[in-house]
Amino acid sequence: MADTEDLPDEIKRFIVMRLACWDTPSQVAEAVKDEFEIVVSRQRVHVYDPTKKAGSELSDGLKKLFIATRKKFLDDTSEIGIAHKSVRLRMLDRAARKAETIGNYMGMAELCERAAKEVGEAYTNKHKHELTGKDGKPLAAAPTATIVLTGRPAAASASKAVERVRKRRD
């Protein structure tokens, strides 16, 4: 197992950047093994996360790299495939075709429904408002009524009004 002091700067930067993108220490340790063929424990990976107590003594240069990487990661979703509708639709298409191939017609139908919702922007915060009337004509103005109150009705006249309303209902 490699000690963190023995790691080359390139691997340290790699670890910091992966942690800044919210990869777990286990994922980062596995990525270091795959990329550089060096085994690093997940406990050692914690040392490179300045948001954790273990990473509180991280060098200023690596802290700045962590902050810059995290900001770029949050601001730029263009590198994340699933963040784009066309990528999600292709994934749904592949899954629906696979479901149909294996005879899972209910799963295929659900995937088709999800694709339709995706195309219809059911999963966005966008709202479509019609600002014109039927066939693009202007909206008709709503009818208005003016009610003038001249005073408070006497108790006797109020009870007579209630009786009239009751008689109309019957």
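Our structure's up above, just so we're on the same page.
Reference entry: report on the structure contained in this document. (Residues numbered from 1 in each chain as written. Predicted model: local features only at pLDDT ≥ 70, side-chain atom pairs only at ≥ 80, totals over all residues. Heavy atoms only, no water.)

Some details on the layout of surface pockets
Here is step 1 of the chain: A volume near 240 Å³ is recorded for the largest pocket.
Here is step 2 of the chain: What lines the largest pocket is simply Phe-14, Met-17, Arg-18, Cys-21, Thr-69, Lys-72, Phe-73, Asp-76, Glu-79 and Ile-80.
Here is step 3 of the chain: Its residues assigned to classes, the lining of the largest pocket shows five nonpolar, one polar and four charged. (1 Å grid on protein atoms, 1.4 Å probe; cavity = no way out; pocket = protein on both sides within 12 Å on 5 of 7 lines; lining within 4 Å. Points joined across faces, edges and corners; volume = space filled by probe spheres on them. Nonpolar A, V, L, I, M, F, W, Y, C, P; charged D, E, K, R; others polar.)

Remarks on unusual backbone geometry
Here is step 1 of the chain: Positive phi outside glycine occurs at Trp-22, with the angle close to 65°.
Here is step 2 of the chain: In this structure, Trp-22 sits in the loop between helix H1 (9-20) and helix H2 (25-36).
Here is step 3 of the chain: Among the residues examined, Trp-22 registers a relative accessible area of 47% and is labelled partly exposed.
Here is step 4 of the chain: Backbone geometry places Glu-37, a non-glycine residue, at a positive phi of 55°.
Here is step 5 of the chain: Here Glu-37 shows up in the loop between H2 and helix H3 (42-45).
Here is step 6 of the chain: Among the residues examined, Glu-37 registers a relative accessible area of 71% and is labelled exposed. (Helix = DSSP H or I, 4+ residues; strand = E, 2+ residues; numbered from the N terminus. Buried < 20%, exposed > 50% of the residue type's maximum accessible area, 1.4 Å probe, protein only.)

Describing H2
Here is step 1 of the chain: Counted at 1.5 Å a residue, the expected span for H2 with its 12 residues is 16 Å, and the 16 Å between its end C-alpha atoms agrees.
Here is step 2 of the chain: Against the buried residues of H2 lie H1 and H3.
Here is step 3 of the chain: Just beyond H2, the residue with positive phi is Glu-37, at close to 55°. (Expected span 1.5 Å × (residues − 1). Contact = heavy atoms within 4.5 Å.)

A word on the packing of H1 against H2
Here is step 1 of the chain: It is at 10 Å that the axes of H1 and H2 come closest, and there the two elements cross at 145°. Crossing hand, H1 versus H2: right-handed. Together, Glu-10, Ile-11, Phe-14, Ile-15, Arg-18 and Leu-19 of H1 and Pro-25, Val-28, Ala-31, Val-32, Glu-35 and Phe-36 of H2 make up the contact between the two elements.
Here is step 2 of the chain: Along the lines of polarity and charge, the residues of the contact of H1 with H2 split into nine nonpolar, no polar and three charged. (Axes fitted to C-alpha atoms, helices over the stretch in contact; angles between N-to-C directions. Left-handed = near helix turned anticlockwise from the far one by under 90°.)

Functional significance is not addressed by these values, which are geometric in nature.
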